[in-house]
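Descriptive structure summary
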Amino acid sequence: MDCLHWVNRDSYLPQGSRGLKAVTKAKLGYDPVEVDPEDMLRYAAERPQAMAAYSVSDAVSTYYLYMTYIHPFIFSLATIIPMPPDEVLRKGSGTLCELLLMVRAYEAAVVAPNKHQAPSEASFRGRPLEAETYIGGKVEALESGVFRSDLPTRFACDPTAYQGLLDSLDVDLAYALEVDAKTPLSSVTNFSEVRAAVAAALGALRDAPVREEPPLIYHLDVAAMYPNIILTNRLQPSAIVTDEDCAACDFNRPGKACLRPMEWVWRGETYSASMAEYRSLKAQLEAETFPGPPGAPPRPFYALPPEERARLLKDRLKAYCQRVYKRVLDKPVAEVRTAGVCMRENDFYVGTVRAFRDRRYEYKALNKAWKGKLDGARSAGDALAAAAAADMVVLYDSLQLAHKCILNSFYGYVMRRGARWYSMEMAGVVTYTGAQIIQRANALISKLGVPLELDTDGIWCCLPGSFPEDLEFAVAGSSKPVRVSYPCAVLNVMVARHNTNDQYQTLVERTDGAGRAVRAYETSSQMSIEFEVDGPYRAMILPASKEEGRLIKKRYAVFNHDGSLAELKGFELKRRGELKLVKAFQAEVFAKFLEGASLAACYAAVGGVADRWLDLLDTQGAGLPDEELISYISEATVMSKALPEYEGRKSCALTTARRLAQFLGDGRIRDKGLICNYVISARPVGAPTSERAVPVAVFATEPAVARAYLRRWCGEFADGRDPAAPPDVRAVVDW
């Protein structure tokens, strides 16, 4: 079993944190033994025991990673997917999704369609179409700066929005209790008191809309957004129908309620040439002959393989457009289209998604319950019960992760190349509906507080500190109160108002007056798209862009109230191959954002750390040993291919690899996976950066050899040191 497949597909770890060491730290919570690759050969000869310990450390961490996470995860998936464990681990999530759908289709007596093949010649408005897709979810950064729950934030709220909340207060609270909490309004004993407290808070915010007060930092996101959009609207590839499909349907009647029109945004790129010019170019190719295999006569165009014909035609079309129109493609075109969704199509696809979603919710609830038991056992000092509870937590966590993996694939699968159930319209409808939900939420939050960042399925925001939060309702006959999140209730009512499907139809069996079983479609309202709230948090940090008027998306740090990082996105600290200098600075600076009793004091604490690291650059690492300085300012890149495969390309890593070959020998860099560790030199002056990369390994060689190669690569080299001493990296680097 190759654990790396699980790490890449199912661990949800960032791209740069998927090596064994990083995964061990993230998942098992300890630091394994590490040895620098440059030292391995020397250690094997001089310190074999250290290398043996390193090898055992890797084996131990791999074993416990497998037994703790991967083994129960594979078992969980193998009970769902009709494949052996090794295949379950190695196949992509789209393949697993398709295999599961084929099983469900067989059980529902539905014939599985052939694999999708894109049309070879498509056009749009009289021009050949190069590519077409749909516009997906929108991610947008709205603010930058430091937002802390203990520092005042300026709010300029909209009084009419707060008056709207007051007008709909009864409806919002009733919806939260009866629909979200499944609690009858008649059983609540303190509804009037809670309502009065909320109304007073909203009234105060309406009467004083411009204020400065500590904010409530929330992440409001839609739980399992895309699967729930699919379920609410009965979306499935086979249910996307055209007017021709409806015309041939037995249920096609005036005023029919079985067709639900839904909008999506199509996006296409067309060539500059017209279809008439395209057909002329194709006719030219059909009149030509092309070289065949050695010794064989030339072949006509129609005798070529389809892939080669398509390539030749595309190359000829691109060359023609460039020559005649001075451009290959026109600007991309986007247009809103309407897809018809049949509410009476066999619902095997929707049923599969619903079963997965409900089962995942069940496992998440069990996971939460066992976490509570684990905390109880630890506080009671019962080691055996704690160990048993910890095992159950891992089991249910792996089960819900297994279901999350497949659940998230049902949306992406419909646009997979070669999918049996392929539908661009369905994918477009899902993402457009999701984007509309988030945009409406943003419009409302903009009037009530300050939106900070829009995700695909949620919104980070600051609400005034006096905004109503968690409400507790006492229920007759129960000692436990019902807790309701008021921000969630407001958003859920808004979503229900715009996204409830009143046309949902289900095939049911009934008995008529004569006692015979008859089948009929039952119409109902369906709505399972709901917001959930995470927070409030202690702080959210959003960095500014270096360009005025632009903001950086998907780059922020969020802190819990205990000072720990709740979420870190987009920073170099999580990436592989970035400068250690930047990583070390970020690791130290994040905690400083929580210091200071004012915003100015906070920035002063952060600036103190920044000044100290800038001093390292300004003084060119004075006082640091050469080895430590090199570790801070060098960059590392892993070459995914062998050096000959990069023929004709230029990059710092390729220059480093070629120079490593010069003083280590070609044999050392023949294979892929070479780690290129380099610094950028200041010379030759005026040369491109990609040609000024110097391998770090040269500074560890004999001084005479190192100086000879540095003179060859840099043109001139003088560091003021004794020629018998190692060269000074400070005299080489482009500071």
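What comes next concerns the included structure. Just so you know, the residues in each chain are numbered from 1, in the order the chain's sequence is written. Local features in this predicted model are restricted to residues of pLDDT 70 or higher, and side-chain atom pairs are both shown and tallied only at a pLDDT of 80 or more, whereas totals for entire chains, interfaces and linings draw on every residue. Heavy atoms throughout the structure, all of them, feed into the side-chain values; hydrogens and water do not.

Some points on the pairing of strand 24 (residues 675-680)
Along a regular strand, successive side chains alternate from one face of the sheet to the other. We count it as follows: Two strands qualify as a pair provided that DSSP identifies no fewer than 2 bridges between them. Strands are runs of DSSP state E lasting at least two residues, helices are runs of H or I lasting at least four, and both sets are numbered from the N terminus onward.
Examined bridge by bridge, strand 23 (residues 635-638) and strand 24 share four bridges and lie antiparallel to one another. Along strand 24, the bridge assignment pairs Val-638 with Ile-675. One ladder, built from three bridges, connects strand 24 with strand 25 (residues 693-695); its direction is antiparallel. Across the sheet, the residue bridging to Ile-680 is Ala-693, located in strand 25.

A word on the pattern of salt bridges
The following threshold applies: Only one rule defines a salt bridge in this text: a Lys or Arg side-chain nitrogen within 4 Å of an Asp or Glu carboxyl oxygen. Exposed residues in this analysis have more than 50% of their type's maximum accessible area, buried residues have under 20%, and partly exposed residues fall in between, with area computed by a 1.4 Å probe over protein chains only.
Applying the stated criterion to the full structure yields 33 salt bridges. Here Glu-46 makes a salt bridge to Arg-42, at a shortest N to O gap of 3.7 Å. Of the two residues, Glu-46 and Arg-42 both sit in helix 3 (residues 40-46), four residues apart, roughly one turn of that helix. By relative accessible area, which is 40% here, Arg-42 ends up partly exposed. The shortest N-O distance in the salt bridge between Arg-148 and Asp-150 comes to 3.0 Å. Linked through salt bridges whose partners overlap, the residues forming this network are Arg-299, Glu-308, Arg-311 and Asp-315.

Details of the packing of aromatic side chains
Going by this rule: Working definition: rings of Phe, Tyr and Trp (its six-membered ring) pair if their centres are within 6.5 Å, and the pair is stacked with planes under 30 degrees apart, edge-to-face with planes over 60 apart, and tilted otherwise. In this scheme, Lys NZ or Arg CZ marks a charge over a ring once it lies within 6 Å of the ring centre and within 35 degrees of the ring normal.
Counted under the stated rule, the structure contains 19 aromatic pairs. Pairing Tyr-162 with Phe-467 gives two aromatic rings, centres 6.2 Å apart and planes at 65°, and the pair type is edge-to-face. Taken as a pair, Tyr-162 in helix 7 (residues 159-167) and Phe-467 in the loop between strand 14 (458-464) and strand 15 (470-473) lie far apart in primary sequence, 305 residues in all. Each of the two residues, Tyr-162 as well as Phe-467, counts as buried. Three or more aromatic residues joined by ring pairs form one cluster here, namely Trp-6, Tyr-69 and Phe-73. Above the face of the Trp-266 ring, Arg-337 is positioned so that its terminal group lies 4.2 Å from the ring centre. In this structure, Lys-580 is placed above the aromatic ring of Tyr-632, and the distance from its NZ or CZ to the ring centre is 5.3 Å.

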